[in-house]
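This is what each chain is made of:
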Amino acid sequence: MPPTTPETHAFQAETRELLDLMIHSLYSNREIFLRELVSNASDALDKLRFEAARDPSLRDGAEEPRIRLEPDPAARTLVVDDNGIGMTREEVVSNIGTIARSGTKAFVEELRKQKDAGDAPPELIGQFGVGFYSSFMVADKVVVETRKAGSDEAVRWTSEGDGRFAVEACDKSSHGTRITLHLREPLRDDDGETVDGTQDFSDPLVLRDVVKRHSDFVAWPVQMDVEREEGEGEEKQTVVRTETLNSMKPLWTRPKSEITDEEYAEFYRHHSHDWHDPLSTIHVHAEGTHEYTALVFLPQQRPHDVFDPTHHNSRLSLYVKRVFVMQECEELLPTWLRFARGLVDSADLPLNVSRETLQHNRQIGQIRKRLVKKVLETLGGLLADDREKYTRFWASLGAVLKEGIYLDGTHRDDLAQVALFQSSAGIGPAEDGEEADDAPAEDAACPHGFTTLSEYVARMPLAQSSIYYVTGPDRASVEGSPHIEAARAKGYEVLFMIDPVDEWVLQRLQSFEDKPLVSLDRGAGDLDEGDEAEEQRKEKQTELAPLLEAARDSLDDYVKEVRLSGRLKQSPAVLVSDEGALSPQLEQMLRAQGQSVPPQKRILELNPDHPVLARLTELHGSGDEQRFHLFVELLHGQALLAEGSPVPDPARFARLVTELMAPGDLTASGGAPDGAAGAEGAAGAEA
Ligand code: ADP
């Protein structure tokens, strides 16, 4: 009936790369392609059940919902057939012709990076669910025939994984999806045995085994026709029987004590498309006023879409009396636990619940409360019992949990208890520092490079009353930053707030166990420098007022004050902000998000004891204004670099440094650009 000229489409570049990887993959665990296809088929049956509850006419024929495997060893094909919801032509093209899912895009990007770094990709395959595309690990040609329930048009999608796919109309007697894999030859060793992981997937015994291993709890029957010898003697004959390969028992309905770790892990992989084991499994069964079961998994690694700004809702599915109702039920967990996977099965909710009614449902509210508490307890337990594992988890997902500190006042304190931060502990004593007598040895602290706030507080010397931190773009910048010199010289530990989300955390987390959190790059710095030192510094500041004023004038675009510093030990200068001002990182972040942020002028502090100040004083006294201003400009530039910020005009900065190394006539050699030759314009003229 339908026109038969196939339309040819090219795959997106990302899809091509992905297919290429699948085809050339050395991944030893190729059998998981079957789990992916069975998962998709099971989702399609769930969706049809849900739709058909409203419109029973969608389901045609008398056949019960099922997934069928049809191996054909002679033709070397395997068919995976479901009578689920099916797809329209548009859906086929957009679902399996292009990589719409940001996760797969992220996968390909990561893949490119690792390829450049010369790493083998197989491990990477495991970090992402690549679903349908994994068919190309075992097949060199894949045909998808599908018909959407309620429609009478069927479509055939064909690809050899070579960058193109064809789409044409076809005949199909019932709704659902039929996927035919033209299998590659299995790899065999010298003895003719198949090489691990490349079994013959047209062999019914192999299929039975793989289904049992990966898809046993799938809620729909996975069926296969199996030939058997039946009868005795004369009567003996070969009969074909349809067998259901999986037990279909939903895992979460079984008693916890009877479920093995491997079964949990397999269920998690099926449910999440992650190829790793879960980090932790939370299985709760509640009885009483409300009856429900929840099965929640925390992943070991960051799911690919966790920072997708369009996809911030919880990833728990909702079931009612074992019937799937909806995916990603956002009422079940807050956004800052969106990396958790799993489901809640309620015995009390009506089957026809909608997203709207859920929002005001008290029962859902209580389930959510209980689950959040459970997750936080689980994290606390892991922190106490397996620090190394927890630290790895935190390094990967801590940024998401920190969002909770900002967003969720109810759980802020609990989250602060399990939060980890990098810190100066463990990087050795400060150079020429006068270590306080009661300062702890830093080396023993900070297992795996991260500390909790409680541990920080426990290490505080008696004289220290605040928790000190510094913000910055990365560890290297803050470690060497002049801001932390005085604190470290006193033997005070400094937290490194180097995660972009820390800026938001710090807006809400102002103290911990009654100790205020104090920034070392904002305000006057409350590190007591000693009365005498302070007196001396103030006197010197009055004496140098004209110099400081002249320096401020030449940096007018960037700096609102130049003053002497009580916080520097080795560095000649440092930039600080007002109390409550945006940090340079936050300023940059907001700009990058397209927000208009007025330029913030900062304060340049000079080290009163540094030879550079003596040299500046000399220049100022000599009346060589031009040189004085260039020095001030350089000093400002190096203070920016020292804290990890960019200088306003790197090319000009580089020229000035070169001049300094091989002094010539700065104006004549082009060291200063047009208009900058005069003392006024020498520094800070170009914004
Ligand atoms: P995922 O399952 O992770 O979304 P896949 O690449 O496996 O990724 O599938 C992409 C999409 O194609 C699915 O989300 C689904 O919409 C559709 N799809 C795949 N297999 C089937 C099927 N058997 N029946 C209906 N739709 C399917």
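It is worth spelling out the overall build of the chain at this point. From N to C terminus, the chain includes 22 helices and 23 strands. Taken over 687 residues, the chain has a buried fraction of 52%. A separation threshold of at least 6 residues defines the contact pool for the chain, and within that pool the share at least 24 residues apart is 70%. Approximately 31700 Å² of the chain is accessible, and the part contributed by carbon and sulfur atoms is 48%.

It is worth spelling out the sheet that holds strand β8 (residues 222–230) at this point. A sheet is described by the order of its strands in space; here 9 strands give the open sequence β1-β6-β5-β4-β7-β3-β2-β8-β9, paired in mixed fashion. Because the sheet does not close on itself, it has two edges, and the strands there are β1 (7–10) and β9 (237–244). Going across the sheet, the axis of each strand differs from the next one's by a mean of 20°, ignoring polarity. Relative to strand β3 (residues 77–82), strand β2 (residues 67–72) runs antiparallel, the two sharing 6 bridges. What sits directly across from Leu 69, in β3, is Val 80.

Our focus in this paragraph is the nonpolar core. In terms of nonpolar packing, the biggest core is built from 74 residues, with Leu 318, Phe 339, Leu 371, Tyr 390 and Leu 401 touching the most fellow members. Broken down by element, the residue count for this core peaks at 9 residues, all from helix α9 (residues 362–385). Taken domain by domain, the makeup of this core includes at least three residues from each of domain 2 (252–378) and domain 3 (428–521). Apart from the residues within four sequence positions on either side, Phe 339 is in contact with Phe 297, Leu 298, Pro 299, Pro 303, Val 306, Phe 393, Leu 397, Val 400 and Leu 401.

Turning our eyes to something else, we now look at the pattern of salt bridges. Throughout the structure, instances matching the rule amount to 44 salt bridges. A salt bridge links Glu 70 to Arg 68, with the shortest nitrogen-to-oxygen separation between them at 3.3 Å. Of the residues examined, Glu 70 reaches a relative accessible area of 24% and is grouped as partly exposed. Judged by relative accessible area, which is 14%, Arg 68 ranks as buried. Put simply, Asp 499 and Lys 402 hold a salt bridge, and the shortest N to O gap is 3.1 Å. Here Lys 402 lies in helix α10 (residues 387–407) and Asp 499 lies in the loop between β18 (494–497) and α15 (502–508), a separation of 97 residues in the sequence. In this structure Lys 402 comes out as buried when scored by relative accessible area, which is 3%. Counted as one network, the salt bridges with shared partners bring together Glu 63, Arg 66, Arg 68, Glu 70, Asp 81, Arg 178 and Asp 225.

What follows is about the packing of α9 against α10. Each packed pair of helices is defined by two parameters, the angle between the axes and the distance between the axes. Packing of α9 against α10 brings their axes to within 8 Å, and their N-to-C directions diverge by 140°. With respect to α10, the axis of α9 lies oblique. The chirality of how α9 crosses α10 is left-handed. Contacts from Leu 379, Leu 382, Leu 383 and Asp 385 of α9 reach α10 at Arg 387, Tyr 390, Phe 393 and Leu 401. For the contact of α9 with α10, the class distribution of residues is 6 nonpolar, no polar and 2 charged.

This part is about helix α20 (residues 625–642). Residue pairs three or four apart in sequence face the same way in an α-helix, which turns once every 3.6 residues. The first and last C-alpha atoms of α20 sit 26 Å apart over 18 residues, in line with the 26 Å expected at 1.5 Å per residue. Those residues of α20 that sit buried are Phe 628, His 629, Leu 630, Phe 631, Val 632, Glu 633, Leu 634, Leu 635, His 636, Gly 637, Ala 639 and Leu 640. Phi for Gly 644, located one or two positions after α20, is positive at around 90°.

Although it is not a glycine, Met 248 sits at a positive phi angle of roughly 65°. Summarising the element assignment, Met 248 is placed in the loop between β9 and α7 (261–272).

Within the open sheet, the 5 strands sit side by side as β10-β11-β14-β12-β13. Their pairing is mixed. This sheet does not close on itself; its edge strands, each paired only once, are β10 (278–286) and β13 (323–326). Direction aside, the axes of adjacent strands within the sheet are offset by 20° on average. One ladder, built from 8 bridges, connects β10 with strand β11 (residues 292–299); its direction is antiparallel. Following the sheet pairing, Thr 281 is matched in β11 by Phe 297.

Within the fold, Ser 317 resides in strand β12 (residues 315–320). Ser 317 gets classed as buried once you look at its relative accessible area, which sits at 5%.

What follows covers a negative patch on the surface. On the surface, Asp 531, Glu 532, Glu 535, Glu 539 and Glu 543 cluster together into a negatively charged patch. A relative accessible area of 62% means that Glu 532 is categorised as exposed.

For the rest of this paragraph, the subject is the side chain of Arg 68. Relative to the helices and strands, Arg 68 is located in strand β2. A polar contact of 3.1 Å, which involves the side chain of Arg 68, links it to the side chain of Asp 225. Arg 68 has contacts with Val 79, Val 80, Asp 81, Gln 223, Asp 225 and Thr 242, leaving out every residue within four places of it along the chain.

Glancing now at the packing of helix α17 (residues 545–554) against α20. Across the interface, α17 lies against α20 with an axial gap of 9 Å and an inter-helix angle of 70°. Judged by the angle between their axes, α17 and α20 are roughly perpendicular. Facing α17, whose interface residues are Leu 547, Ala 550, Ala 551 and Ser 554, α20 presents Phe 628, His 629 and Val 632. For the contact of α17 with α20, the residue count by class is 5 nonpolar, 2 polar and no charged.

Here we take up the environment of Pro 599. On the secondary structure map, Pro 599 appears in the loop between α18 (584–592) and β23 (602–606). For Pro 599, a relative accessible area of 71% corresponds to the exposed category. Sequence spacing of Pro 599 and Asp 557 is 42 residues, and the spatial spacing of their C-alpha atoms is 8.9 Å. Ignoring anything within four residues of it in the chain, the contact list for Pro 599 reads Glu 587 and Arg 591.

Turning next to the packing of aromatic side chains. Inspection of the entire model under this criterion finds 13 aromatic pairs. Taken together, a centroid distance of 5.1 Å and an interplanar angle of 50° make the contact between Tyr 268 and Phe 297 tilted. Placement of Tyr 268 in helix α7 and of Phe 297 in strand β11 is noted, with a sequence separation of 29 residues between them. Grouping residues by exposure puts Tyr 268 and Phe 297 together as buried. Put simply, the rings of Trp 252, Phe 267, Tyr 268, Phe 297 and Tyr 319 pair up and form one aromatic cluster.

Along α17, the positions that sit buried rather than exposed are Leu 547, Leu 548, Ala 550, Ala 551, Arg 552 and Ser 554. Along its buried surface, α17 packs onto α16 (531–543), β21 (559–564), β23, α19 (611–622) and α20.

Turning to the confidence of the model for the chain, a few remarks are in order. Atom-level detail of predicted coordinates should not be read off regions where pLDDT is low. In the predicted model, the chain carries a mean pLDDT of 83, and 85% of its residues have values of at least 70. By mean pLDDT, the top-scoring element of the chain is β3 (98), and the lowest-scoring one is helix α22 (residues 679–682) (37). Across residues 120–129, confidence stays below pLDDT 50; counting only partners more than four residues off in sequence or on other chains, it has 30 contacts. Contacts from residues 667–687, a stretch scored under 50 in pLDDT, to residues over four places away or in other chains number 38 contacts.

The rules behind each value
- Counting restarts for each chain: residues are numbered from 1 in the order of the written sequence.
- Per-residue local features are limited, in this predicted model, to residues with pLDDT of at least 70; the limit for side-chain atom pairs, both in listing and counting, is 80 or more; totals at the level of whole chains, interfaces and linings are taken over all residues.
- Side-chain measures were taken over the full set of non-hydrogen atoms in the model, leaving aside hydrogen atoms and water.
- Secondary structure counts use DSSP, requiring at least four H or I residues in a row for a helix and at least two E residues in a row for a strand, with both numbered from the N terminus.
- Accessibility here uses a 1.4 Å probe with only protein chains present; expressed as a share of the type maximum, an area under 20% marks a residue as buried, one over 50% as exposed, and anything in between as partly exposed.
- The contact rule is simple, with two residues in contact once any of their heavy atoms fall within 4.5 Å.
- To measure how exposed things are, a 1.4 Å probe is used in the Shrake-Rupley method; for residues, cover is taken only from the protein chains shown.
- Note: two strands are recorded as paired if DSSP finds a minimum of 2 bridges between them.
- Only the stretch in contact is used when a helix axis is fitted, and all axes are lines through C-alpha atoms; the angle between N-to-C directions ranges over 0 to 180 degrees.
- What is meant by a nonpolar core is a set of buried Ala, Val, Leu, Ile, Met, Phe, Trp, Tyr and Cys residues, joined one to another through side-chain atoms within 4.5 Å.
- Boundary definitions for the domains trace back to an automatic or database domain assignment.
- For salt bridges, the criterion is a side-chain nitrogen of Lys or Arg within 4 Å of an Asp or Glu carboxyl oxygen.
- What sets the label is the angle itself: under 35 degrees gives roughly parallel, over 145 gives roughly antiparallel, 65 to 115 gives roughly perpendicular, and the rest give oblique.
- Left-handed describes a crossing in which the near helix is turned anticlockwise from the far one by less than a right angle; the clockwise case is right-handed.
- Under this grouping Gly is polar, as are all residues other than the nonpolar Ala, Val, Leu, Ile, Met, Phe, Trp, Tyr, Cys and Pro and the charged Asp, Glu, Lys and Arg.
- Multiplying one less than the number of residues by 1.5 Å gives the expected span of a helix.
- Only residues whose relative accessible area exceeds 30% and that form no salt bridge enter a patch; like-charged residues are grouped when within 9 Å of one another, and nonpolar side chains (Val, Leu, Ile, Met, Phe, Trp, Tyr) when within 5 Å.
- Counted charges follow a simple rule, with Lys and Arg positive, Asp and Glu negative, and His plus the chain ends left uncounted.
- Charge placement uses NZ in Lys and CZ in Arg. For Asp and Glu, CG and CD serve respectively.
- In the analysis that follows, any N or O atom pair within 3.5 Å is treated as a polar contact, provided that within protein one partner can donate a hydrogen and the other can accept it, and provided that, for residues neighboring in sequence, both atoms belong to side chains.
- Here is the rule: rings of Phe, Tyr and Trp (six-membered ring for Trp) pair when centre to centre is within 6.5 Å. Planes less than 30 degrees apart are stacked, more than 60 are edge-to-face, and the remainder are tilted.
- Residue-level confidence of the predictor, termed pLDDT, takes values from 0 up to 100.

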